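Structure assessment
The residues making up each chain are set out below.
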Amino acid sequence: MRLVIAEHPLITHKLTVLRDAKTPQPTFRMLTEELMTLLAYEATREVRVEPCTIETPVASTTGVQLTHPLPLVVPILRAGLGMLEGMVKLVPTAEVGFLGMVRDEETLQPVTYAERLPDSLSGRQCFVLDPMLATGGSLAAAIKFLFDRGADDVTAICLLGTPEGVEAIREAAGDRHVTLVLGALDEGLNEQSYIVPGLGDAGDRLYGTAD
Ligand code: PRP
Ligand code: URA
């Protein structure tokens, strides 16, 4: 597994505002999207492209275009949905699939409650979006799901992660082609397995409580 921790003062600045418990919901949503766009630049460094020839008004030249099948972006509902627009802003022709997962707060195990993905992901390059990598259970299950469907390259993008979560993804990845991009690596988990210092419950801060 390749781990990339974004280091950029603008990312750290925006994360600082996102973490602040006083930041209102509309600002939280806007910053989540903006942070995703900044992380997408790093996360797509190895997006597959192929050479192509075009005519400029002056001459013929070669460039590159995205390879088919196009990249598949997979936000993990709910909180990952807050990152989707930020990602497709940078890769507007990407296809989008959905995985609905919720962490059982008693057992900490992920429960998959929705799935809308192509039946075969053979040869697909996938980009999974989830703002929070806490124990890593949810993201590890999502990555396994995509590889089981035939994906051969998965990049996961999270705003915040923990050392425990990173190790869980490293273990789930094994020798497969996985890249993990984080906006920041936090200290760890508290007794409720929330990220410390973290930002609280990302889904609730984006969309309100779902109770
Ligand atoms: C959050 C978050 C991750 C998961 C992280 O989702 O968006 O999917 O928890 O925890 P883990 O690394 O310990 O598995 P949650 O289950 O709260 O669902 P939500 O997005 O619907 O709020
Ligand atoms: N899910 C969240 O939304 N936040 C955490 O800190 C951990 C899991």
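Preceding this paragraph is the structure being described.
Residues numbered from 1 in each chain as written. Chains lettered and ligands numbered in written order. Predicted model: local features only at pLDDT ≥ 70, side-chain atom pairs only at ≥ 80, totals over all residues. Heavy atoms only, no water.

**Comments concerning the site of ligand 1**
Around ligand 1 lies a shell of 16 residues, among which Arg103, Asp130, Thr135, Gly136 and Ser138 are the nearest. A distance of 2.9 Å separates an oxygen atom of ligand 1 from a polar side-chain atom of Arg78. Within the complex, the protein chains bury 93% of what would otherwise be the 500 Å² of accessible surface of ligand 1. Looking at the shell around ligand 1, the elements that each hand over two or more residues are strand S6 (98-103), strand S9 (132-133) and helix H4 (137-148). Element by element, the count of residues in the shell around ligand 1 is highest for S6, at 3 residues. Residue composition of the shell around ligand 1, grouped by class: 7 nonpolar, 5 polar and 4 charged. (Near = heavy atom within 4 Å. Polar contact = N/O pair within 3.5 Å; in protein donor to acceptor, adjacent residues only side chain to side chain. Areas by Shrake-Rupley, 256 points an atom, 1.4 Å probe, with all protein chains shown as cover. Helix = DSSP H or I, 4+ residues; strand = E, 2+ residues; numbered from the N terminus. Nonpolar A, V, L, I, M, F, W, Y, C, P; charged D, E, K, R; others polar.)

**A few points about the site of ligand 2**
By nearness alone, every residue bordering ligand 2 is listed as Arg103, Met132, Ala134, Ser193, Tyr194, Ile195, Gly200, Asp201 and Ala202. Ile195 is positioned with one of its backbone polar atoms (N or O) 2.8 Å from an oxygen atom of ligand 2. With respect to ligand 2, the backbone of Ala202 contributes an N or O atom lying 2.9 Å from an oxygen atom. Here ligand 2, which alone exposes 240 Å², has 88% of that area covered by the protein. Residue composition of the shell around ligand 2, grouped by class: 5 nonpolar, 2 polar and 2 charged.

**Re the side chain of Thr179**
Locating Thr179 in the fold gives a position in strand S11 (residues 178-185). Leaving out residues up to four positions away in the same chain, Thr179 has contacts with Arg2, Val4, Val154, Thr155 and Ala156. (Contact = heavy atoms within 4.5 Å.)

**Examining the environment of Glu105**
Within the fold, Glu105 resides in the loop between S6 and strand S7 (110-116). A relative accessible area of 44% places Glu105 in the partly exposed class. Excluding its chain neighbours within four sequence positions, the residues that come into contact with Glu105 are Gln192 and Tyr194. Side chain to side chain, Glu105 and Arg103 meet in a polar contact 3.1 Å long. (Buried < 20%, exposed > 50% of the residue type's maximum accessible area, 1.4 Å probe, protein only.)

**Observations regarding the side chain of Thr67**
When you line up the elements, Thr67 lands in the loop between strand S3 (60-66) and strand S4 (72-77). The contacts of Thr67, once residues within four sequence positions are left out, are Arg48, Val49 and Glu50.

**Here we look at the packing of aromatic side chains**
Under the counting rule described, the total for this entry stands at 0 aromatic pairs. Directly above the aromatic system of Tyr194 lies the positively charged group of Arg103, at a separation of 5.5 Å from the ring centroid. (Phe/Tyr/Trp six-rings, centres within 6.5 Å; stacked < 30°, edge-to-face > 60°. Lys NZ or Arg CZ within 6 Å of the ring centre and 35° of its normal.)

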